[in-house]
Amino acid sequence: MIHNARSLNNKIDDIMLCVKDRNIDISCLSETWLFSQNSPITSTIKSHGYMIIHNYRSNQRGGGTAVIYKSCLKAQELRQNSDFTSFESTCVSFTSSGNKKVVFIVLYRTGTLSKVFFREVDDLLSHICSSSDDVVVTGDLNIHFENTNDKKVKECTDL
């Protein structure tokens, strides 16, 4: 499940009800608006048998990305060596029982669609793809992919 939450703070019960009712293993969220690693929101998620790995804005309101997943899954956050300026992200690696490594990357693009964004996403993907079997990229890029003739859409899909 992919969801732009526009704040988990007032929707967590509804989101967790949807996740549990649909038996979703992994849910990716943008605009979580969380403000710390541990909060009543993370406690609520854990009370439903799920875990959360997330990144939040420490210096201003809004933003944030997260991966919520069933606690029985083997997951590890992949910390990035670089501080990206054109997007926020959470990267989580899941290892299957057959030792297949699948990485979920949740992106939230906050600034203008610039060459910096494309370079930083390319850097991130180059790093992640070199050590993973499969990569799933999702989130809110604020790009209108339905405009297939748009040069920036083509540049993004070519990544």
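Residues numbered from 1 in each chain as written. Predicted model: local features only at pLDDT ≥ 70, side-chain atom pairs only at ≥ 80, totals over all residues. Heavy atoms only, no water.

Moving on, we come to the sheet that holds strand β1 (residues 2-4). Pairing within the open sheet is mixed, and its four strands lie in the order β1-β2-β4-β3. Across the chains shown, the open sheet's two edge strands, defined by having one partner strand only, are β1 and β3 (50-55). Taken over all neighbouring pairs, the strand axes of this sheet differ in orientation by 20 degrees on average, direction set aside. Running at roughly 130 degrees to β3, helix α1 (residues 12-21) makes contact with β1, β2 (26-30), β3 and β4 (65-70) of the sheet. Relative to β3, helix α2 (residues 40-47) is tilted by about 150 degrees, and along the sheet it contacts β3 and β4. (Pairing = 2+ DSSP bridges. Helix = DSSP H or I, 4+ residues; strand = E, 2+ residues; numbered from the N terminus. Axes fitted to C-alpha atoms, helices over the stretch in contact; angles between N-to-C directions. Contact = heavy atoms within 4.5 Å.)

Time to look at the packing of aromatic side chains. Applying the stated criterion to the full structure yields five aromatic pairs. Note on Phe-84 and Phe-87: the rings are 4.8 Å apart at their centroids and 25 degrees apart in plane angle, and the pair reads as stacked. With relative accessibility at 4%, the residue Phe-87 sits in the buried group. Judged by centre distance (5.4 Å) and plane angle (70 degrees), the rings of Phe-117 and Phe-118 are edge-to-face. Put simply, the rings of Phe-84, Phe-87, Phe-117 and Phe-118 touch in pairs and so form one group of aromatic residues. Cation over ring: Arg-109 sits above Phe-117, and NZ or CZ is 5.9 Å from the ring centre. (Phe/Tyr/Trp six-rings, centres within 6.5 Å; stacked < 30°, edge-to-face > 60°. Buried < 20%, exposed > 50% of the residue type's maximum accessible area, 1.4 Å probe, protein only. Lys NZ or Arg CZ within 6 Å of the ring centre and 35° of its normal.)

The next subject is the nonpolar core. If you look at the biggest cluster of nonpolar residues, it comprises 18 residues, and the most contacted ones within it are Phe-87, Ile-105, Leu-107, Phe-117, Leu-124 and Ile-143. When contributions to this core are tallied by element, the ones reaching two or more residues are β6 (87-95), β7 (101-109), α3 (115-129) and α4 (151-158). If one sorts the elements of this core by residue count, α3 sits on top with six residues. When sequence neighbours within four positions are dropped, the list of residues in contact with Ile-105 reads Thr-90, Cys-91, Leu-124, Leu-125, Ile-128, Val-135, Val-136, Val-137 and Thr-138. Leu-8, Ile-45, Tyr-50 and Ile-68 belong to the second largest nonpolar core, which has 15 residues in total. (Core = buried A, V, L, I, M, F, W, Y, C linked by side-chain atoms within 4.5 Å.)

Our next topic: the pattern of salt bridges. One pass over the full model with this rule turns up six salt bridges. For Arg-57, the salt bridge goes to Glu-88, with nearest N and O atoms at 2.5 Å. Of this pair, Arg-57 sits in the loop between β3 and β4 while Glu-88 sits in strand β6; the two residues are 31 residues apart in sequence, bridging distant segments of the chain. By the burial criterion, Arg-57 is buried, and Glu-88 matches it. (Salt bridge = Lys/Arg side-chain N within 4 Å of Asp/Glu carboxyl O.)

This brings us to the sheet that holds β7. Strand order in the open sheet formed by four strands is β5-β6-β7-β8, and the pairing between neighbours is mixed. Among the strands making up the open sheet, the edge pair consists of β5 (75-77) and β8 (134-140). Mean inter-strand twist for the sheet, computed between neighbouring axes without regard to direction, equals 20 degrees.

This part covers the pairing of β7. Among the nine residues of β7, seven are classified as buried, and the element is accordingly described as predominantly covered. Relative to β7, β6 is paired through nine bridges, and the arrangement is antiparallel. The partner of Val-92 across the bridge, within β7, is Phe-104. Both β7 and β8 contribute to a ladder of seven bridges, which runs parallel. When the sheet's bridge partners are listed, Leu-107 is paired in β8 with Gly-139. In this view, the connection linking β7 to its parallel neighbour β8 by way of α3 has right-handed handedness. (Right-handed = clockwise from strand over helix to strand, strands pointing away.)

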